[in-house]
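Listed below are the residues making up each chain.
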Amino acid sequence: MIRNLASKHFSTRAVHAGERQRPDGFVPMSTPIYSSSTFIYDHLAEIDAISAGERTGFTYSRHANPTNAALEEAVASLESAPAGSVAVSLASGMSAILLALLAAGVEHGSKIAASQDLYGVTTKFLLEVAARWGAEIQFVDVFSIAGRDEMWKFKPNALIVESLTNPLLRVADFPALMGEARAHKTRVIVDNTFATPLLFQPLKHGADFVVHSATKYFGGHGDLTGGVLIAREEFATETRSFSRLVGAVLGPFEAWLTLRGLKTLPLRFARHCENAQALAEFLSSHPRIEQVFYPGLPSHVDHVLAGKLLGGPNAGGVLSAKIRGAGREEVFRFVDSLELFLKATSLGDVQSLVLYPAISSHRDLSPKQRERLGITDNLVRLSAGIEHVDDLKADLEQALAKL
Ligand SMILES: Cc1ncc(COP(=O)(O)O)c(C=O)c1O
């Protein structure tokens, strides 16, 4: 508290006037953007008590920030995180993956089992960063019993898997997978970005960590980059501590945008799913389409499992399709002909988006690796937006007609 500020010099008032006002009995309905790197207290003893964990409060935004804390509480609630869990908001989905691996105890000599169906950059991260730490990585088929048997022989310390995979929308038998992981004392990290907690809540199934790219459905409007990591109580202290040490924290403005995005997530996501289901059905009967990948279709390899495990009437907002007889040239022509589906390297936005995995999300894999995973050169991925579905169908129809 600066006494008699009015008597101070102009440059002193320029720095201090108007600042650090105390709320006067009102509560802002929407959590403000606390764009402040530090928080001030009357007595040093208060900062000391907060730093010692003896009282709650905020001191430094790399450690905790009130806007981020509101977002973290909201995400923990939506993921039904048990008491004692911690949620931390991070600069991106990739930094949430980095932190999950660190907090899971991955170090020199650790063994990481990774689903072979992962976002291509996660695969690259494991091969180029985690491998450099001295961790051994094995890519596994978590969707078959034989693949899981093979994985357990490897005796992994940690397993990383997506609940709804990118781009083929596979769904693992989580009850079986988690039971086996528990028996083998393997720490499980689930990337829940595509499913969102509306369809799947990994902690309820026994996951140790849940990762989100908030850039996608949480934000929902294509205007932020962010990530959230939720860790079970056993890993809460390390997660919080490593988050402070690594420092890849989400800025308060992005935290505020994400918190705002969450408020309409159920409404947006219902429409994304409804549109994706309708587009999947439309494309399935189109003569120019060879195969559609969407778990809401009976033709999808995990349709029955998705029906049991995913909590919605539909199966997410993303679908992929192979264009009959198309090579790169035809795919480029198709994608360039689309008007409403924007060519964007993302998903989960209110706008419909189209992505060509071979040159974007899975660009870093060799053609052979892509072929083995079923990510062929005629595969495109669509993220259904919230536009009117008839307009989206018409857009696909006119672009397919150009082939
Ligand atoms: C499933 C999945 N996980 C993680 C990420 C990484 O998220 P970010 O781009 O926010 O780092 C992505 C990005 O596309 C993704 O699709």
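None of these values were measured; they are calculated from a predicted model.

Novice: Just checking my understanding: could you explain the packing of aromatic side chains for this structure?
Specialist: Both the distance between ring centres and the angle between the ring planes are used here to describe each pair of aromatic rings. Considering all chains together, one arrives at 7 aromatic pairs under this definition. Both rings, one in F39 and one in F58, keep their centres 5.9 Å apart while their planes meet at 55°; by these two values the pair is tilted. With F39 in the loop between α1 (10–16) and α2 (44–51) and F58 in the loop between α2 and α3 (66–78), the pair connects residues that are 19 residues apart, well separated along the chain. The class of F58 is partly exposed, set by a relative accessible area of 24%. On the numbers, 4.9 Å between centres and 90° between planes, the contact of Y217 with F269 is edge-to-face. Here Y217, found in the loop between β6 (209–213) and β7 (227–231), pairs with F269, found in helix α11 (residues 265–284); they are 52 residues apart in sequence, far enough to count as distant. Across the pair, F269 and Y217 agree in class, each one buried. Here R170 stacks its cationic end above the ring of F143, 4.3 Å away from the centre of that ring.

Novice: I would appreciate a short explanation of the sheet that holds strand β11 (residues 353–355) in the present structure.
Specialist: For sheets, the rule is that strands pair by backbone hydrogen bonds, running either parallel or antiparallel. Pairing is mixed across the open sheet formed by 5 strands, whose spatial order is β8-β9-β12-β11-β10. For this open sheet the edge positions go to β8 (289–293) and β10 (342–343), each flanked by a neighbour on one side alone.

Novice: Please clarify how helix α9 (residues 236–246) should be interpreted in this entry.
Specialist: Each full turn of the α-helix corresponds to 3.6 residues, which orients residues three or four apart in the same direction. Within the sequence span of α9, burial applies to A236, T239 and S243. Angular distribution of buried residues about the axis of α9 spans 65°; they occupy a single face of the element. Those residues of α9 that are exposed and angled more than 90 degrees off the buried face are T237 and L245. Residues of α9 that are buried sit in contact with β1 (86–90), α4 (93–103), β6 and β7. Positive backbone phi, at 75°, marks G247, one or two positions downstream of α9.

Novice: Would you explain the nonpolar core in this entry?
Specialist: Soluble, globular proteins show a tendency: their nonpolar side chains are buried together. V142, F174, L177, L283, L319, F334 and L396 are the most contacted members of the largest nonpolar core, which has 78 residues in total. It is α11 that provides the largest number of residues to this core, a total of 9 residues. Sequence-distant contacts of L319, defined by excluding residues within four places in its chain, comprise L169, A276, L279, A280, L283, V292, F293, Y294, V380, R381 and L382. A96, L99, L101 and A236 belong to the second largest nonpolar core, which has 28 residues in total.

Novice: Sorry, what's going on with the site of the ligand here?
Specialist: Among the 13 residues in the neighbourhood of the ligand, the closest are listed as G93, D191, S213, T215 and K216. Residue M94 places a main-chain N or O atom 2.9 Å away from an oxygen atom belonging to the ligand. T215 has a polar side-chain atom sitting 2.7 Å from an oxygen atom of the ligand. The fraction of the free accessible surface of the ligand (390 Å²) that becomes covered by protein chains is 90%. In terms of residue class, the shell around the ligand is built from 3 nonpolar, 7 polar and 3 charged.

Criteria and cut-off values
- Note that residues are indexed from 1 along each chain, following the sequence as it is written.
- Predicted model: local features are reported for residues with pLDDT of at least 70 only, side-chain atom pairs are reported and counted for 80 or more only, and whole-chain, interface and lining totals are derived from all residues.
- Calculation of side-chain values draws on the structure's entire complement of heavy atoms; hydrogens and water are dropped beforehand.
- When two rings of Phe, Tyr or Trp (its six-membered ring) have centres within 6.5 Å they constitute a pair, described as stacked for plane angles under 30 degrees, edge-to-face for angles over 60, and tilted for the intermediate range.
- Counting from the N terminus, the helices are the DSSP runs of H or I reaching at least four residues and the strands are the DSSP runs of E reaching at least two.
- A simple rule labels every residue: compare its accessible area, found with a 1.4 Å probe on the protein chains alone, to the largest value its type can have, and call it buried under 20%, exposed over 50%, or partly exposed in between.
- A ring is considered to have a charge above it if a Lys NZ or an Arg CZ atom is located within 6 Å of its centre and within 35 degrees of its normal.
- Two strands qualify as a pair provided that DSSP identifies no fewer than 2 bridges between them.
- Note that the arc is computed from the directions linking the helix axis to the C-beta atoms.
- Two residues form a contact once any of their heavy atoms are found within 4.5 Å.
- The nonpolar core is taken to be a set of buried Ala, Val, Leu, Ile, Met, Phe, Trp, Tyr and Cys residues, with the residues joined through side-chain atoms within 4.5 Å.
- Proximity is defined per residue: any heavy atom of the residue falling within 4 Å of a molecule or strand makes that residue near it.
- Here a polar contact is recorded for every N or O atom pair within 3.5 Å, except that within protein the pair must consist of a potential hydrogen donor and a potential acceptor, and residues adjacent in sequence are included only if both atoms are side-chain atoms.
- Using a 1.4 Å probe, the Shrake-Rupley method yields the accessible areas, and only the shown protein chains count as cover for residues.
- Side-chain classes follow a simple rule in which Ala, Val, Leu, Ile, Met, Phe, Trp, Tyr, Cys and Pro form the nonpolar group, Asp, Glu, Lys and Arg form the charged group, and the remainder, Gly included, forms the polar group.

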